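Next come the chains, spelled out residue by residue.
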Amino acid sequence: MEALLCKRLGDPTVDLSHDSSPISISTSHPIPQLNLPTAIRVRVKATSLNYANYLQILGKYQEKLPLPFIPGSDYAGVVDGIGPNVTKFKIGDRVCSFAPAGSFAQFIVTEERDLFLVPDGCDLIGAAALPVAYGTSHVALVHRAKLVAGQVLLVLGAAGGVGLSAVQIGKACGAVVIAVARGSEKVQFLESLGVDHVIDASKSSIIENAKSFLKARKLKGVDVLYDPVGGKLTKESMKLLNWGANILVIGFASGEVPVIPANIALVKNWTVHGLYWGSYKIHNPAVLEDSLKELLSWLARGLITINISHTYRLSEANLAFDAIKERKAIGKVMIVLHDHNCTKSKL
Ligand SMILES: NC(=O)c1ccc[n+]([C@@H]2O[C@H](COP(=O)([O-])OP(=O)(O)OC[C@H]3O[C@@H](n4cnc5c(N)ncnc54)[C@H](OP(=O)(O)O)[C@@H]3O)[C@@H](O)[C@H]2O)c1
């Protein structure tokens, strides 16, 4: 089968034909075998790029994989083979899932309990973009911060993979959503979604801008901060937080781990949630399972739609990583293993 191999750590945006590229295409990689009675082999239709996949190849991610490895985490496709004890799936079912690695390939093997049926009417490219990004935001906002209608949610990096999912889930929960993104294209896109207020971080101070909006809407401040960026933006956002606010520490796309002063958290009764979505698989898998089932039902009902920003073939993986590195994406960057003409996930 065709698979993308990471043979050494380095910059995955370098052209694949160049000697310094850490990634290469193998066209004769062995098809993974059904290794357990409950194993299922999926023919991958699409797989998503997450910032973590980029960091993993750079060697800067918290979890290090032994080399060589096939990168990739969330994917969707069609059941291609099943072990003798599989009861819930049959060959031909449309499914999605996530794995610690291995989805940048034509086939992947997983266990029955880790697979989810994609509802009729939802396309597989959108379903492949859902588990990590939407899963992270759903667990963060619904399970951890317990966001409710009328609360004010501030989303940083709001046009990125997890950011855009947080915006949509915030709206689905009935929150007043303030989105922060950089550049007019991202701002216009967020406005087109009906976000309550969008701040262009490249143009204005988020504090003054958000304060004017809050004042005009007679709102005191922000109840939930969703932060996949870190650095200066986190520091500024803390000045907008209400007494009793929840801070969701999601990631550090800026490269700078923010400092959240414990003395201010004490005085203001803030709750700081460190959230590592993938670790729920080990420590509390039921939360992940319930969350993904709910998200797939929201997708089927049109409560969320998944914006596919860029799609690439496996052989163009360096371009896909470049879209992430250069902050070009609005929503999700995808690798599509068959046709890649689809630009927007629609129901
Ligand atoms: N905790 C978890 O379980 C979990 C799960 C998924 C992702 N994450 C983390 O969340 C972060 C975002 O992931 P993602 O997949 O959504 O990435 P993404 O699609 O690339 O989005 C990242 C966003 O961050 C903003 N950003 C600000 N400063 C940046 C910089 N210096 N470089 C790059 N982007 C910058 C960009 O928005 P502007 O250009 O508009 O500023 C961009 O849209 C990553 O740190 C990732 O590891 C964590």
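Residues numbered from 1 in each chain as written. Predicted model: local features only at pLDDT ≥ 70, side-chain atom pairs only at ≥ 80, totals over all residues.

An unreviewed UniProt entry lists the protein under the name Enoyl reductase (ER) domain-containing protein, with Stephania cephalantha given as the organism.

A. A look at the overall build of the protein. Counting its regular elements, the protein contains 10 helices and 15 strands. Its C-alpha atoms give the protein a radius of gyration of 20 Å, near enough to 20 Å, the size a compact globule of 347 residues would have. In terms of principal-axis extent, the alpha carbons of the protein reach across some 60 × 45 × 35 Å. When the 347 residues of the protein are sorted by exposure, 47% land in the buried category. Taking contacts inside the protein between residues at least 6 apart in sequence as the whole, the part at least 24 apart equals 68%. (Helix = DSSP H or I, 4+ residues; strand = E, 2+ residues; numbered from the N terminus. Rg over C-alpha atoms; globule rule 2.2 N^0.38 Å. Buried ≥ 20, exposed ≤ 12 C-beta atoms within 10 Å, placed from the backbone. Contact = placed C-beta atoms within 7 Å.)

B. Spotlight on helix 2 (residues 124-144). Here helix 2 contains 21 residues, and its C-alpha end-to-end distance of 28 Å stays within 8% of the 30 Å for a straight helix at 1.5 Å per residue. The largest bend along helix 2 measures about 50 degrees and falls at Leu-130, with the proline Pro-131 one to four residues further on. Along helix 2, 18 of the 21 residues are buried, which leaves the element largely enclosed by surrounding structure. (Expected span 1.5 Å × (residues − 1). Bend = angle between axes of the 7 residues up to and from the residue.)

C. Region of interest: the domain arrangement of the protein. For the protein, the domain assignment lists domain 1 (3-131 + 285-336) and domain 2 (148-275). Distance from the C-alpha centre of domain 1 to the C-alpha centre of domain 2: 28 Å. If you look at the interface, domain 1 gives 11 residues, while domain 2 gives 13 residues. Class assignment for the residues of the side of domain 1 that touches domain 2 results in six nonpolar, three polar and two charged. (Domains from an automatic or database assignment. Nonpolar A, V, L, I, M, F, W, Y, C, P; charged D, E, K, R; others polar.)

D. Highlighting unusual backbone geometry. The residue after Leu-67, namely Pro-68, is reached through a cis peptide bond having omega -10 degrees. Note on placement: Pro-68 falls in the loop between helix 1 (51-58) and strand 4 (74-82). In this structure, Lys-146 takes a positive phi of about 50 degrees despite not being glycine. Secondary-structure assignment places Lys-146 in the loop between helix 2 and strand 8 (152-155). In this structure Lys-146 comes out as exposed when scored by C-beta crowding, with 11 C-beta atoms within 10 Å. Despite not being glycine, Asn-269 shows a phi value in the positive range, around 55 degrees.

E. Structural detail: the sheet that holds strand 13 (residues 271-274). Taken together, six strands build an open sheet; the order of strands is 10-9-8-11-12-13 and the sheet is parallel. Looking at strand neighbours, the two that pair on one side only are strand 10 (197-200) and strand 13, the edges of this open sheet. On average, each strand axis in the sheet is tilted by 15 degrees relative to the strand beside it, whichever way the strands run. Here three bridges tie strand 8 to strand 11 (residues 222-227), and the two strands are oriented parallel to one another. Each residue of the ladder has a partner; that of Leu-153, found in strand 11, is Val-224. Across the sheet, helix 5 (residues 206-216) lies against strand 9 (176-181) and strand 10, angled at about 160 degrees from strand 10, the strand it touches most. (Pairing = 2+ DSSP bridges. Axes fitted to C-alpha atoms, helices over the stretch in contact; angles between N-to-C directions.)

F. How the structure looks around the pairing of strand 4. Note: strand 3 (residues 39-49) against strand 4, seven bridges, orientation antiparallel. Counted as the bridge partner of Ile-40 is Ile-82 from strand 4.

G. How the structure looks around the packing of helix 2 against helix 3 (residues 161-172). With their axes 8 Å apart at the nearest point, helix 2 and helix 3 run at an angle of 50 degrees to one another. Viewed along their axes, helix 2 and helix 3 adopt a mutual orientation that is oblique. Helix 2 and helix 3 meet at a crossing whose hand is right-handed. On the side of helix 2, the interface is formed by Ala-133, Tyr-134, Thr-136, Ser-137, His-138 and Leu-141, while helix 3 contributes Gly-161, Val-162, Ser-165, Ala-166, Ile-169 and Gly-170. Broken down by class, the residue content of the contact of helix 2 with helix 3 amounts to six nonpolar, six polar and no charged. (Parallel < 35°, antiparallel > 145°, perpendicular 65-115°, else oblique. Left-handed = near helix turned anticlockwise from the far one by under 90°.)

H. Examining the UniProt feature "domain: Enoyl reductase (ER)" (unreviewed entry) in the protein more closely. Taken from the UniProt record, the annotation "domain: Enoyl reductase (ER)" (unreviewed entry) applies to residues 18-335. Span residues 18-335 is 33% helix and 25% strand, its end C-alpha atoms 20 Å apart. (UniProt positions renumbered as here; feature names shortened; annotations may be inferred.)

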